[in-house]
Amino acid sequence: MIVVLASRHDKVATDLVVRWPEAALCSAEDLTRPGWIWPVAAGSDAAMWVVDGRVVPDRRVTGVFVRRSTVHADELTSTHSEDRAYLAAETHAFLVHVLSRTAAVVVNPVDDGGVFGEAALRPERWMQAAEEVGVVVAPLHVSSAGRQHIPVSSISFEVVAGQALGDPGPALADAAVKICRRLDLRWAVTSFEESGRLSAITTTPTPSPSAEAALARLLTGRRRG
């Protein structure tokens, strides 16, 4: 089974569930349903998920595709409003434990700071990682809304499981693969200026058809030992 960890309102996630065989959505509602069992020790056969309302043993889960960065209090509508913020924080912490302990392949896994999803791609993190592997970074421009500004003339392409998709050229492909490997990203969209400087990394777009097929193979493959 592929678990797509996302909101029910995330159309990218719900579309992937339809197109990927054996995929199911694990929503915020599932995260607070009874049935979860997660021992402290990794690799326990007793570990259980709740996915689309069903209790699923972790041993059946081959892959997890992460489409959220946190659990929002507003999602927990079945909980008293005054308790939602606390429950959301506790659920987020529990998810960090689950994603770091499951034997399934996780795209993308929790980082060293206990952060997952797009939140793990803070500019200061990927810019530092790029410097460490010798990838030149373009000056960062941030809008008043706090969003990164990606130049219109940028070259964007995906990296899946250490392989650059499309035809970005060997230099850009090598740079993208290096930075994704350094960040432990199994899927990401990388953007470069025409000069070859890295301008952005994100995991929010819809995967392209070729990336979607490659992700399906990755997420249905062999579990981690």
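Description of the structure in this document. (Residues numbered from 1 in each chain as written. Predicted model: local features only at pLDDT ≥ 70, side-chain atom pairs only at ≥ 80, totals over all residues. Heavy atoms only, no water.)

Side note on the packing of aromatic side chains
If you walk through the whole model with that rule in mind, you get 6 aromatic pairs. With centroids separated by 5.9 Å and ring planes inclined at 55°, the aromatic side chains of Phe65 and Trp187 adopt a geometry described as tilted. Taken together, the positions of Phe65 in strand β5 (residues 63-66) and Trp187 in strand β9 (residues 187-192) put the pair 122 residues apart, joining distant regions of the chain. (Phe/Tyr/Trp six-rings, centres within 6.5 Å; stacked < 30°, edge-to-face > 60°. Helix = DSSP H or I, 4+ residues; strand = E, 2+ residues; numbered from the N terminus.)

A few points about the environment of Thr190
With respect to the element layout, Thr190 can be found in strand β9. On the basis of relative accessibility, which here comes to 0%, the residue Thr190 falls in the buried class. Residues Thr190 and Ala175 lie 15 residues apart in sequence; the distance between their C-alpha atoms is 9.7 Å. Filtering out sequence-adjacent residues up to four positions away, Thr190 remains in contact with Ile155, Ser156, Phe157, Val159, Ala176, Cys180, Ala200 and Ile201. (Buried < 20%, exposed > 50% of the residue type's maximum accessible area, 1.4 Å probe, protein only. Contact = heavy atoms within 4.5 Å.)

Observations regarding the side chain of Asn108
Relative to the helices and strands, Asn108 resides in the loop between β6 (105-107) and α4 (123-132). A polar contact is formed between the side chain of Asn108 and the backbone oxygen of Trp187, at a distance of 2.9 Å. The contacts of Asn108, once residues within four sequence positions are left out, are Val66, Asp184, Leu185, Arg186, Trp187 and Thr203. (Polar contact = N/O pair within 3.5 Å; in protein donor to acceptor, adjacent residues only side chain to side chain.)

Section: helix α3 (residues 84-101)
Residues lying three or four places apart along an α-helix face the same way, a consequence of the helix completing one turn every 3.6 residues. End to end, α3 covers 25 Å across 18 residues, agreeing with the expected 26 Å (1.5 Å per residue, within 8%). Within α3, burial applies to Ala88, Thr91, His92, Leu95, Val96, Val98 and Leu99. On the buried face of α3, the contacting elements are β1 (2-5), α2 (28-31), β3 (48-51), β5 and β6. (Expected span 1.5 Å × (residues − 1).)

So, the pattern of salt bridges
Counted by the stated rule, this structure contains 13 salt bridges. A salt bridge links Glu132 to Arg182; its shortest N-O distance comes to 2.6 Å. Of this pair, Glu132 sits in helix α4 while Arg182 sits in helix α5 (residues 170-182), and the two are 50 residues apart along the sequence. Judged by its relative accessible area of 42%, Glu132 is partly exposed. (Salt bridge = Lys/Arg side-chain N within 4 Å of Asp/Glu carboxyl O.)

Considering the environment of Arg59
For Arg59, the location among the structural elements is in the loop between β4 (54-57) and β5. As for Arg59 and Ala46, which are separated by 13 residues in sequence, their C-alpha atoms are 8.9 Å apart. In terms of polar contacts, Arg59 uses its side chain to reach the backbone carbonyl oxygen of Asp45, at 3.4 Å.

Overview of the environment of Ala41
Here Ala41 is to be found in the loop between α2 and β3. Along the primary structure Ala41 and Ala216 are separated by 175 residues, whereas in three dimensions their C-alpha atoms are 28 Å apart.

Some details on the nonpolar core
Val3, Leu5, Trp36, Trp49, Val51, Val64 and Leu99 are the most contacted members of the largest nonpolar core, which totals 28 residues. Elements with a minimum of two residues in this core: β1, β2 (23-26), α2, β3, β5 and α3. Apart from residues no more than four positions distant in its own chain, Trp36 is found in contact with Cys26, Asp30, Leu31, Met48, Trp49, Val50, Phe94 and Val98. Residues Ala6, Ala13, Leu25 and Val189 belong to the second largest nonpolar core, which totals 22 residues. (Core = buried A, V, L, I, M, F, W, Y, C linked by side-chain atoms within 4.5 Å.)

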